[in-house]
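# Observations on the three-dimensional arrangement
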Amino acid sequence: MTEWLGLPALATTTGAQIDSLIGWMHVFMLVLFVGWGGFFLYALFRFRRSANPVANYTGVRSHASSYLEIAVAIVEAILLVGFSIPLWAARVDHIPAESEALVVEVTGEQFAWNIHYAGPDGKFGKTDIKLLDLQSNPLGVDRSDPAAKDDVTTLNQLYLPVNKPIIVKLRSKDVIHSFGVPEFRVKQDAVPGLTIPIWFIPNVTTAEMRTRTGDAEFQYEIACAQLCGLGHAHMRGFVTVVSAEEFQKWLEEKVKEQSEVDPFK
């Protein structure tokens, strides 16, 4: 499906449903394009001036066009009610339990993505706007909170374990941004004042995708899909999908690194 649509290689277990919907929509649009294009050419020929020197004020008496319009409406209803709404409902109403998933907070700002992990204890520490520092503490994590001592923050670098449900809680510090990773078939606006969850299950590591694509430099990219200011084009983040063991090792190393840094200096 992804090949003839020209879509990026699929890298989540849930993306196939979206690809199927996009495929059927393109098939329907192709049928419409050929049908209406053919009808347009027929009308140009059938009602050309040389064959119809005098206008016919009676007009077309057939109801064929009405039937065609009804058929188009029915197909559109099937696409909406039979495919789109159930797919949307499944994504919104069946979010995995947080106890079974990796929960990551992603906060957009002009022009970067701030990533916040709960750390080994699985609890997000408190944040305080008074502690915000664009260089050392862009999320205002309060390290005096016991739950925050093992929290990990990164800038534009999202590490994820393969084959595990991921819940991303989206926020924004300033304007509307949009979190989009084409290979994961996810895209969601980050709206100031709201926390919006999205979820997916990555099933292809970065290393595997490099082998599949033949691109040794391949990276999953977080693209801001909402015009958010003059630096919008430079708001790029990257996702690295690794094995569960590699992710655990990376997390432990980051916890150790950040425990050696005093965020209040």
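As shown above, the structure is provided for reference.
## Some remarks on the layout of surface pockets
What the largest pocket holds in volume is close to 530 Å³. Taken together, 19 residues form the lining of the largest pocket, with Ile18, Arg91, Arg185, Val186 and Lys187 sitting closest to its centre. Contributing elements (two or more residues each) for the lining of the largest pocket: helix 2 (15-46), helix 3 (64-93), strand 7 (186-190) and strand 8 (196-200). Per-class residue counts for the lining of the largest pocket are 15 nonpolar, one polar and three charged.

## Some points on the sheet that holds strand 7
Strand order in this open sheet of five strands is 4-10-9-6-7, and the pairing throughout is mixed. The open sheet terminates on both sides in strands that have one partner only, identified here as strand 4 (157-161) and strand 7. Neighbouring strand axes in the sheet, compared pairwise and without regard to direction, differ in orientation by 25° on average. Relative to strand 7, strand 6 (residues 177-181) runs antiparallel, the two being bridged by five bridges. From the neighbouring strand, His177 faces strand 7, where its bridge partner is Ala190. In the packing of helix 5 (residues 244-259) onto the sheet, the strands contacted are strand 4 and strand 10 (236-242), and the crossing angle to strand 4 comes to about 135°.

## Digging into the environment of Val239
The residue Val239 is located in strand 10 in this model. Here Val239 falls in the buried class, since its relative accessible area comes to 1%. When the C-alpha atoms of Val239 and Trp199 are compared, they prove to be 14 Å apart, with 40 residues separating the residues in sequence. If we skip the residues at most four places from it in the chain, Val239 touches Leu158, Leu160, Val181, Phe184, Thr206, Tyr220 and Ile222.

## Details of the side chain of His116
As for its position among the elements, His116 is in strand 2 (residues 112-117). The exposure class of His116 is buried, given its relative accessible area of 2%. A distance of 2.8 Å separates polar atoms of two side chains, one belonging to His116 and the other to Asp151. Contact partners of His116, with chain neighbours within four places excluded, come to Val104, Glu105, Phe124, Gly125, Thr127, Leu139, Val141, Asp151, Val152 and Thr153.

## Comments concerning helix 5
For helix 5, with 16 residues, the first-to-last C-alpha span of 22 Å sits near the 22 Å given by 1.5 Å per residue. Listed as buried for helix 5 are Phe247, Trp250, Leu251, Lys254, Val255 and Gln258. One side of helix 5 holds all its buried residues, which, seen down the axis, span an arc of 135°. Opposite the buried face of helix 5, at more than 90 degrees from it, the exposed residues are Glu245, Lys249, Lys256 and Ser259. Contacts made by the buried residues of helix 5 are with strand 1 (102-109), strand 2, strand 3 (152-155), strand 4 and strand 10.

## Side note on the side chain of Asn137
With respect to the helices and strands, Asn137 occurs in the loop between strand 2 and strand 3. On the basis of relative accessible area, Asn137 is assigned to the buried category, the value being 6%. At a separation of 3.4 Å, a polar atom in the side chain of Asn137 contacts the main-chain carbonyl oxygen of Leu131. One polar contact links the side chain of Asn137 to the main-chain amide nitrogen of Val141, over a distance of 2.9 Å. Setting aside anything within four residues of it in sequence, one finds Asn137 in contact with Leu131 and Leu132.

Each value, and the rule that gives it
Residues numbered from 1 in each chain as written. Predicted model: local features only at pLDDT ≥ 70, side-chain atom pairs only at ≥ 80, totals over all residues. Heavy atoms only, no water. 1 Å grid on protein atoms, 1.4 Å probe; cavity = no way out; pocket = protein on both sides within 12 Å on 5 of 7 lines; lining within 4 Å. Points joined across faces, edges and corners; volume = space filled by probe spheres on them. Helix = DSSP H or I, 4+ residues; strand = E, 2+ residues; numbered from the N terminus. Nonpolar A, V, L, I, M, F, W, Y, C, P; charged D, E, K, R; others polar. Pairing = 2+ DSSP bridges. Axes fitted to C-alpha atoms, helices over the stretch in contact; angles between N-to-C directions. Contact = heavy atoms within 4.5 Å. Buried < 20%, exposed > 50% of the residue type's maximum accessible area, 1.4 Å probe, protein only. Polar contact = N/O pair within 3.5 Å; in protein donor to acceptor, adjacent residues only side chain to side chain. Expected span 1.5 Å × (residues − 1). Arc of directions from axis to C-beta.

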